[in-house]
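Letter by letter, the chains look like this.
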Amino acid sequence: MTDQNEVKVEALLSIINSSAHEAIAEYKNTGHGVPGVDAGTLHPLDFATDTLALRKAIRLLEGACEQLNAILAPPQHTTYNFINNYNWACIDVAVQSRIADVLDKHPEGLGVDALADAVNLDKTKIARVLRVLALRGCFKEVKRDVFANTRLSLVLRSTSNVGSCIRTQRDFPKYAAVLSNEVEKAPRAFALKKEGKNNGYWEMNDEEHDIFHKSMMGYSEVQNSSAVLHHYPWDNVSSVVDVGSGIGAMSIPLAKMFPHLRITDQDLPETMKLSRDTWEKKAPEALLSGHVEFVPLNFLEESPVAGKDIYYLRNVIHGWSDDESRVILTNIRKVMGPNSRVLIHDCVLLRAFQEPVVEANEFSKTPEPALLNFGSHTSHQLDIVMWLIANGKERTLNEFKNIGAGVGLVLTQTYDFVGMMLLEFKIAQD
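Residues numbered from 1 in each chain as written. Predicted model: local features only at pLDDT ≥ 70, side-chain atom pairs only at ≥ 80, totals over all residues. Heavy atoms only, no water.

- The protein chain goes by S-adenosyl-L-methionine-dependent methyltransferase in an unreviewed UniProt entry, where it is assigned to Suillus plorans.

## A look at the sheet that holds strand β1 (residues 110-111)
Here's step 1: Spatially, the three strands line up as an open sheet ordered β1-β3-β2, and their pairing is antiparallel. The open sheet is flanked by β1 and β2 (140-143), the only strands paired with a single partner.
Here's step 2: In this sheet, strand β3 (residues 146-148) lies alongside β1 in antiparallel orientation, the contact comprising two bridges. Bridging from a neighbouring strand, Leu110 pairs with Phe147 of β3. (Pairing = 2+ DSSP bridges. Helix = DSSP H or I, 4+ residues; strand = E, 2+ residues; numbered from the N terminus.)

## A short note on the pattern of salt bridges
Here's step 1: Inspection of every chain in the model, using the stated rule, returns 12 salt bridges.
Here's step 2: A salt bridge links Asp104 to Arg157; the shortest N-O distance between them is 3.1 Å. Taken together, the residues Asp104 in helix α5 (residues 99-104) and Arg157 in the loop between β3 and α8 (161-167) connect sequence positions 53 residues apart.
Here's step 3: A relative accessible area of 37% places Asp104 in the partly exposed class.
Here's step 4: A salt bridge links Asp113 to Lys123, with the nearest nitrogen and oxygen atoms 2.9 Å apart. On the criterion of sequence distance, the pair formed by Asp113 in helix α6 (residues 112-119) and Lys123 in helix α7 (residues 123-134) is long-range, its members being 10 residues apart.
Here's step 5: Through salt bridges with shared partners, a single network forms among Arg131, Glu141 and Asp145. (Salt bridge = Lys/Arg side-chain N within 4 Å of Asp/Glu carboxyl O. Buried < 20%, exposed > 50% of the residue type's maximum accessible area, 1.4 Å probe, protein only.)

## Concerning the UniProt feature "domain: O-methyltransferase dimerisation" (unreviewed entry) in the protein chain
Here's step 1: UniProt tags residues 89-156 as "domain: O-methyltransferase dimerisation" (unreviewed entry).
Here's step 2: Secondary structure content for residues 89-156 is 50% helix and 13% strand, while the C-alpha to C-alpha distance between its ends is 14 Å. (UniProt positions renumbered as here; feature names shortened; annotations may be inferred.)

## Quick word on the packing of helix α4 (residues 87-96) against α7
Here's step 1: With their axes 9 Å apart at the nearest point, α4 and α7 run at an angle of 120° to one another. With respect to α7, the axis of α4 lies oblique. When you trace α4 past α7, the crossing you get is left-handed. Here Asn87, Cys90, Ile91, Val93 and Ala94 of α4 come into contact with α7, specifically with Val129, Val132 and Leu133. (Axes fitted to C-alpha atoms, helices over the stretch in contact; angles between N-to-C directions. Parallel < 35°, antiparallel > 145°, perpendicular 65-115°, else oblique. Left-handed = near helix turned anticlockwise from the far one by under 90°. Contact = heavy atoms within 4.5 Å.)

Next comes the structure, spelled out in structure tokens:
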């Protein structure tokens, strides 16, 4: 008699094997082969703006590996590992002390004595921190007490947007410690109140604004948000409003790839100044073309510019409650033309029990045995992050659909970009 649990384990092994080979093929297609675990340089695919096929493979690979461990390992081992994980603390030490920047000048490695002097930390503690991270391929010990960068640690450099994204998260454990307190407030607000502080999440000085916007660009890289540039039919679009644009993390590459587009960046006044400065540095040709405009906007109180083809919101809705999200979308709905579309680019939660809605593209089908969320927990972790910092949340496809319906919008198409999805809405017909 066949053991059904063993059959599931064999199926997971098959998923691991096939998805790993799909990832290998994506690397080989670049002509540079598969990167080494201790490689000291970034792979060309690391810079690519369209890595959707690779991310699809990695999503399955990670999910199947985790599910396999959950099945085969003793439960006490697995559950203890949930909390017996201080990689985040070690990463924080490395980022705050800029260890990767120092090692970048010593590709062959640097002794822990010299490294400790360079970053003004105790050499014994540095060695312990780096050895923990080296177990995960982040930094490497080339010989006893001599450390060097790896492909993973290179993204921790201070010049890296991803490094900025990581730096902004150092207080998250403090917020998580009060997760079960006042449910009507973000845990961040409760934690700061205990410290005698009451500044809101969006209240920042100029330096904090700069760090925040750079971190958002890093978050875009982590989520491969640029997939939207390759998989949405922008050639059929004439005008785009980037609602809550930040400093142009998405609109700048969009303008470069599709110079025919007329783009309007809209955000708070102080952000618009930073945005214009960023465009002058990164896309001066777009400014000279006259195809870009900067219009201040408080999307909770005002409508964006009227009559454009696309109203694009990336990582906006997840920061607000359902009621506030409806206000934002209502303000957009007021100025839409009959052929306008709203694009919401956000994480989408998949759950075990929910009603079917508009189908996503070919990436929407999970293999057997069923891997919830394709085995990926990223979007659910981000749901907790939004709860911690802003009392926001990630949503299911049905929740997005219902919010849209509440303001006269209907969901017409979804694009699965792995971790994030692009949801297209149009005006509902009476």
